[in-house]
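Read off the chains here:
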Amino acid sequence: MLLGILVVLCFIPTADVTENKILVAQHPLLIVTNQTATLVCNYTYNGTGKEFRASLHKGTDSSVEVCFISWNTTIISNNSNKEFNCQGDHDKNKVIFHLWNMNANQTDIYFCKIEVMYPPPYVYNEKSNGTVIHVKETPTQIQEPRSAIPLWILGTVTGILALYSMLVTAVCINYWQKSKNKKYHQSDYMNMTPRHPIYQKNKGYPSYAPTRDYTAYRSWQP
């Protein structure tokens, strides 16, 4: 009888330790190409805990807590470090951490920590192997400087200038045509040069030659 009681007492602590132990499994490597990462923390727990807390830690010494999620049978709450964009979701036997807007400086190893907060005893998992999150650089796109003036204003000003140019051109053409017509009328004058009489056309000497006086020659005859 005593031997049986001793055997039972020896097995009770072992059963409690095994029941309250939390085991966590993580994927060893996660490559991020679009600044967004989803890290899954699978865990096993066979205890009677009702309130839990799961957190994601950065660095080999887990010195930076990125974000955490806590839950019980009805309530779930989230909190994130100001330097990260992180949110946790709880599903059956796993916690999923969503990270976005990540940069290359956040490349590091990340560890999941699962804790049983209530009822006692307080239990948490042993440190897992962690997940290396490699965030690749995003190519920088050079953007052309945008004009401070809206496009509709530029279009309106361009239209006004084009209309003004057309009006100026039309006025210049009209003025040039009027000047040309005025010059043509001024050059069209009447020819006032006197014409010779008809009876002088057959004369062998010009009309302005004086008529000879033959009586002067007769006076010298003997």
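Every value quoted in this text rests on a predicted model; they were computed, and no experiment measured them. In this numbering scheme, every chain counts its residues from 1 along its sequence in written order. Per-residue local features are limited, in this predicted model, to residues with pLDDT of at least 70; the limit for side-chain atom pairs, both in listing and counting, is 80 or more; totals at the level of whole chains, interfaces and linings are taken over all residues. To get the side-chain values, all heavy atoms of the structure are used, and hydrogens and water are removed first.

## Some words on unusual backbone geometry
Then comes step 1: The residue after Tyr 118, namely Pro 119, is reached through a cis peptide bond having omega -5°.
Then comes step 2: Cis peptide bonds are those with omega within 30 degrees of zero, and the linkage from Pro 120 to Pro 121 qualifies with 5°.
Then comes step 3: Numbering of helices and strands runs from the N terminus; a helix is a DSSP stretch of H or I covering at least four residues, while a strand is a stretch of E covering at least two. On the secondary structure map, Pro 121 appears in the loop between β9 (108-118) and β10 (123-124).
Then comes step 4: Although it is not a glycine, Gln 35 sits at a positive phi angle of roughly 65°.
Then comes step 5: Of note, Gln 35 is situated in the loop between β2 (29-32) and β3 (37-45).

## So, the pattern of salt bridges
Then comes step 1: We count a salt bridge whenever a side-chain nitrogen from Lys or Arg sits within 4 Å of a carboxyl oxygen from Asp or Glu. Taken as a whole, this structure holds three salt bridges when the rule is applied.
Then comes step 2: Notably, a salt bridge pairs Glu 65 with Arg 53, separated by 3.2 Å at the nearest N-O pair. Taken together, the residues Glu 65 in strand β5 (residues 64-71) and Arg 53 in strand β4 (residues 51-58) connect sequence positions twelve residues apart.
Then comes step 3: The rule is simple: take the accessible area with a 1.4 Å probe, protein chains only, and divide by the maximum for that residue type; under 20% is buried, over 50% is exposed, in between is partly exposed. Judged by its relative accessible area of 18%, Arg 53 falls in the buried class.

## Considering the sheet that holds strand β1 (residues 22-26)
Then comes step 1: Note: two strands are recorded as paired if DSSP finds a minimum of 2 bridges between them. Taken together, four strands build an open sheet; the order of strands is β1-β3-β8-β7 and the sheet is antiparallel. With partners counted over all chains shown, the strands left at the sheet margins are β1 and β7 (86-91), one partner each. On average, adjacent strands in this sheet sit at an angle of 20° to one another, irrespective of strand direction.
Then comes step 2: In terms of strand pairing, β1 meets β3 through five bridges, oriented antiparallel. Within β3, the residue paired with Leu 23 across the bridge is Thr 44. Angles here are taken between N-to-C directions and fall from 0 to 180 degrees, while the axes themselves are lines fitted to C-alpha atoms, restricted in helices to the stretch in contact.

## Focus: the nonpolar core
Nonpolar side chains tend toward joint burial in soluble globular proteins.
Then comes step 1: By size, the foremost hydrophobic cluster in this structure holds 28 residues, and its most contacted members are Val 95 and Phe 97.
Then comes step 2: Among the elements that make up this core, the one with the highest residue count is β3 (five residues).
Then comes step 3: In what follows, residue pairs with any heavy atoms lying within 4.5 Å of each other are defined as contacts. Those residues in contact with Val 95 that sit more than four places away from it in its chain are Leu 39, Val 40, Cys 41, Tyr 43, Ala 54, Ile 69, Trp 71, Asp 89, His 90 and Ile 114. Within this scheme, the nonpolar core is defined by two criteria: the residues are buried Ala, Val, Leu, Ile, Met, Phe, Trp, Tyr or Cys, and they are joined through side-chain atoms within 4.5 Å.

## Things to note about the side chain of Asn 125
Then comes step 1: Here Asn 125 shows up in the loop between β10 and β11 (131-135).
Then comes step 2: A residue is classified by how much of its surface remains accessible, and Asn 125, at 4% relative accessible area, is buried.
Then comes step 3: Two N or O atoms form a polar contact when they lie within 3.5 Å of each other; inside protein one atom must be a possible hydrogen donor and the other a possible acceptor, and for residues adjacent in sequence the pair counts only when both atoms belong to side chains. A distance of 3.5 Å separates the side chain of Asn 125 from the backbone oxygen of Cys 112, its partner in a polar contact.
Then comes step 4: From its side chain, Asn 125 meets the backbone nitrogen of Ile 114 in a polar contact 2.6 Å long.
Then comes step 5: Leave out the neighbours within four places in its chain, and Asn 125 touches Ile 22, Val 24, Cys 112, Lys 113 and Ile 114.

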